[in-house]
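Next come the chains, spelled out residue by residue.
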Amino acid sequence: MNIAHDPVAASTRRRRRVGVFLAVLGVALLLTIVVAAGYGAVAIPPERVVAILAGWLGFASASETGDTDSIVLLAIRLPRVCLGLLAGAALAVAGAALQGLFRNPLADPGLIGVSSGAAVAAAAAIVLGGSAVAFLPAGSLTYLIPVAAFAGGLIITFVVYRIASRDGRTEVATLLLAGIALNAISGAGIGLLIFLSDDQQLRDLNFWLLGSLGGVTWERLLPAAPLMLVPTILLAMLWRHLNAFLLGETEALHLGFDVERTKRWIVVLAALAAGSSVALTGIIGFVGLVVPHLIRLVIGPDHRSLLPASVLLGAILLLLADLLARTIVLPAELPIGILTSLIGGPFFLWLLVRRRGMGMW
Amino acid sequence: MSGAGWTDDGADSTGSDVARIVSIGGSVTEIVYALGAEDGLVAVDSTSLYPQSAQDLPDVGYMRQLAAEPILALGPTLLLAVDDAGPPTVLDQLREAGTPLVVVPDEPSPEGVAEKVRVVANALGMEGEGATMAERLTADFAALRDWVATTKTKPKVLFLLSVGNGAPLAAGRETSAAGIIELAGGANAIDGFEGYEPLSPEATVTAAPDVVLVTGRTFDLLGGQEAILSRPEIAATPAGQNGDIVVMDGLLLLGFGPRTPEAARELALALHPDLQE
């Protein structure tokens with residue numbers, strides 16, 4: 001008897017395969033973190049890295065902190081690695097959840113307006129913030145752009161959601177189309193701000209739109225970290241709801257899920273996760289779109305494993321992209337958005353061509 | 001990672017007496033060279049194009065998009081950064097890591113150039129040389145002013161800057177282009193806005209510039225003499241009808257550094273055929 005026809009054995013094998021895959025991703029993420037923390041423009045020998053980290057965590061004498069190596073590692077590289085980890089995970093899981101909610105392979109946080117809303121608000125902060133900052137407390141300019149970006153992303157998502165809701169029901173197709181329309185309007189807003197900007201602001205704007213993990217400090221990261229971490233965890237816990245959505249909205253309803261509530265939660269959590277990431281990094285394309293597709297390709301569409309795997313792979317990819325961005329053109333740095341789109345774009349095309357006609361989104 | 005500033009025992013190199021200067025901003029780099037301190041340079045930014053040998057140094061990227069770690073890896077004993085270098089968070093990181101950072105003011109005027117020279121020289125511990133050079137530049141500017149005053153004409157000059165796509169930008173008030181045009185005894189043709197804005201064809205015709213001023217790069221991007229003159233909005237102006245285009249090196253023209261008296265002299269001669277050298 002062919003073992004493949006035994007459904008129990010097949011399911012056990014599948015579960016084991018998924019378990020192995022998740023374990024491999026987990027180990028790969030740990031390795032990526034070690035490499036990303038240990039490698040950079042300033043060469044810090046591994047034993048120094050260990051000594052500095054031990055000192056930082058209170059396991060060694062304080063003499064290990066305070067020199068250039070430890071400042072680079074603790075004040076510059078480590079917050080950056082943490083940001084890459086959190087933002088990569090948040091963007092990827094938000095993408096996976098939205099694709100599941102919309103049952104649409106093209107969904108990603110950009111589609112419901114988070115990125116463009118954040119971009120238009122950040123652009124306004126860059127171009128008009130100089131005059132506004134005179135009325136704000138000293139030092140607030142550092143926070144003005146991320147706070148504006150975060151608020152802008154949420155506001156546009158809220159508007160998109162309101163437009164798509166009627167009589168307590170949310171139409172997914174309208175949600176997508178409203179997202180596209182508001183993206184176009186945001187594009188016009190950015191165009192207007194580009195027109196209003198002087199050449200310095202134009203440069204700042206361009207670099208923000210290309211994305212970067214550079215310049216992040218603990219003071220900037222810590223307030224945003226829970227806003228990335230909590231929605232990421234909550235989204236990953238919604239796997240049952242998302243699996244029910246795979247069958248269709250009506251079927252999900254019959255299975256006993258509060259469909260409207262779930263939709264609202266997913267949109268809000270995805271907007272929080274992506275909005276807080278974009279606020280600190282600028283626009284980073286393709287992580288939210290491509291990572292879930294990659295995972296589905298390997299272990300299938302079951303959200304129970306798809307969501308945690310997206311978290312892990314999103315973090316790995318963004319950390320690796322940032323490692324490349326900050327080392328390949330030394331002593332300068334590439335904007336990371338260029339790398340993710342440059343790698344993500346062709347990869348996505350390959351995926352499209354490969355899967356065309358197979359009907360297995 | 002050759003040439004980086006750490007030593008084998010991991011101690012940082014800021015205590016050593018060998019200067020390791022990173023210079024951010026084309027005119028700042030020019031001043032370092034003019035003071036003869038270029039041996040201490042270990043890196044420059046991508047706007048540091050003059051003199052030629054500055055382009056052989058490691059490039060830390062565009063001055064408004066610096067990264068902290070690669071600069072720290074160079075082990076600088078002095079970071080000279082022009083006023084609008086950034087982003088601010090990266091400068092904060094560098095300060096926090098103990099890099100001696102001197103911000104150089106950048107005012108597009110003769111006084112601004114002298115001040116720039118003094119600030120850079122002081123940072124290099126060359127106060128004497130800086131004072132001498134600043135005095136010489138101030139004297140050059142004074143002589144230039146007297147010389148330009150002998151001309152009767154004050155042609156209207158339209159400065160165009162192409163960034164490669166769309167309409168070229170025209171220089172309005174408060175730009176370094178307006179500053180150098182003023183020094184050369186011309187009048188900036190556009191005074192309706194501050195900074196650089198896309199060229200409005202009808203406003204250009206109304207402004208009626210006598211001369212079109214472009215950088216070499218813009219000249220090439222716009223397709224050269226014929227292409228610029230045959231743009232309808234230019235063809236309808238005195239500059240277009242007389243074929244008056246002046247092409248100058250961008251960094252020389254707009255840099256506001258030690259070569260600015262020379263740049264203003266070159267521009268003045270191009271604007272005023274009646275001037276005697």
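See the structure printed just above.
Values in this document were obtained by computation on a predicted structure and should not be read as measured data.

A.B. asks: Explain the overall build of chain B to me, using residue names and the numbers behind them.
C.D. replies: Of the regular secondary structure elements, chain B holds 13 helices and 10 strands. Against the compact-globule benchmark of 19 Å for 277 residues, chain B has a radius of gyration of 21 Å, which places it among compact chains. C-alpha extents for chain B along the principal axes are approximately 70 × 40 × 30 Å. Going through the 277 residues of chain B one by one, you find that 55% of them count as buried. When the accessible surface of chain B is totalled, it reaches about 11,800 Å², and 50% of it is carbon and sulfur. If you average the places of the 15 positive and of the 40 negative side-chain charges in chain B, the two averages end up 7 Å apart.

A.B. asks: Before we move on, can you summarise the packing of helix α1 (residues 7–38) of chain A against helix α12 (residues 287–299) of chain A with the specific residues and values?
C.D. replies: Residue and element names in this part refer to chain A. Interaxial distance between α1 and α12 falls to 11 Å at its minimum, and their mutual angle equals 140°. It follows that α1 is oblique to α12 by the angle criterion. Here α1 contributes R14, R17, V18, F21 and L25 to the contact with α12, which in turn contributes I295, V298 and I299. In the contact of α1 with α12, the residues fall into 6 nonpolar, no polar and 2 charged.

A.B. asks: Please give an account of helix α8 (residues 218–237) of chain A that cites residues and values.
C.D. replies: Owing to its 3.6 residues per turn, the α-helix brings residues three or four apart onto one side. All names here are of chain A. Across its 20 residues, α8 extends 28 Å between first and last C-alpha, which sits within 8% of the 28 Å expected from 1.5 Å per residue. The largest bend along α8 measures about 40° and falls at A224, with the proline P226 one to four residues further on. Considered for burial, the residues of α8 that qualify are R220, L221, A224, A225, M228, P231, T232, L235 and A236.

A.B. asks: Give me the lowdown on α12 of chain A, citing residues and values where you can.
C.D. replies: All names here are of chain A. For α12, which comprises 13 residues, the first-to-last C-alpha distance of 18 Å matches the rise-based estimate of 18 Å (1.5 Å per residue) to within 8%. Within α12 the residues assigned to the buried category are V287, G288, L289, V290, V291, P292, H293, I295, R296 and I299. One or two residues past the end of α12 sits G300, with phi positive at roughly 85°.

A.B. asks: Help me get a handle on the layout of surface pockets, residues and values and all.
C.D. replies: Gaps left between atoms are located by rolling a probe of water-molecule size over the structure's atoms. In this structure, the second largest pocket occupies an estimated 1,000 Å³ of space. Listed by contribution, the elements that provide at least two residues to the lining of the second largest pocket are α3 (68–102), α4 (114–132), α5 (141–164), α7 (199–210) and α11 (259–281) of chain A together with α2 (68–73) and α3 (88–96) of chain B.

A.B. asks: So what about the side chain of T217 of chain A? Which residues, and what values?
C.D. replies: Tracing the sequence through the fold places T217 of chain A in the loop between α7 and α8. With residues near it in sequence (within four places) discarded, T217 of chain A still touches P79 of chain A together with Q93 of chain B.

Criteria and cut-off values
Residues numbered from 1 in each chain as written. Chains lettered and ligands numbered in written order. Predicted model: local features only at pLDDT ≥ 70, side-chain atom pairs only at ≥ 80, totals over all residues. Heavy atoms only, no water. Helix = DSSP H or I, 4+ residues; strand = E, 2+ residues; numbered from the N terminus. Rg over C-alpha atoms; globule rule 2.2 N^0.38 Å. Buried < 20%, exposed > 50% of the residue type's maximum accessible area, 1.4 Å probe, protein only. Areas by Shrake-Rupley, 256 points an atom, 1.4 Å probe, with all protein chains shown as cover. Lys, Arg positive; Asp, Glu negative; His and termini not counted. Charge placed at Lys NZ, Arg CZ, Asp CG, Glu CD. Axes fitted to C-alpha atoms, helices over the stretch in contact; angles between N-to-C directions. Parallel < 35°, antiparallel > 145°, perpendicular 65-115°, else oblique. Contact = heavy atoms within 4.5 Å. Nonpolar A, V, L, I, M, F, W, Y, C, P; charged D, E, K, R; others polar. Expected span 1.5 Å × (residues − 1). Bend = angle between axes of the 7 residues up to and from the residue. 1 Å grid on protein atoms, 1.4 Å probe; cavity = no way out; pocket = protein on both sides within 12 Å on 5 of 7 lines; lining within 4 Å. Points joined across faces, edges and corners; volume = space filled by probe spheres on them.

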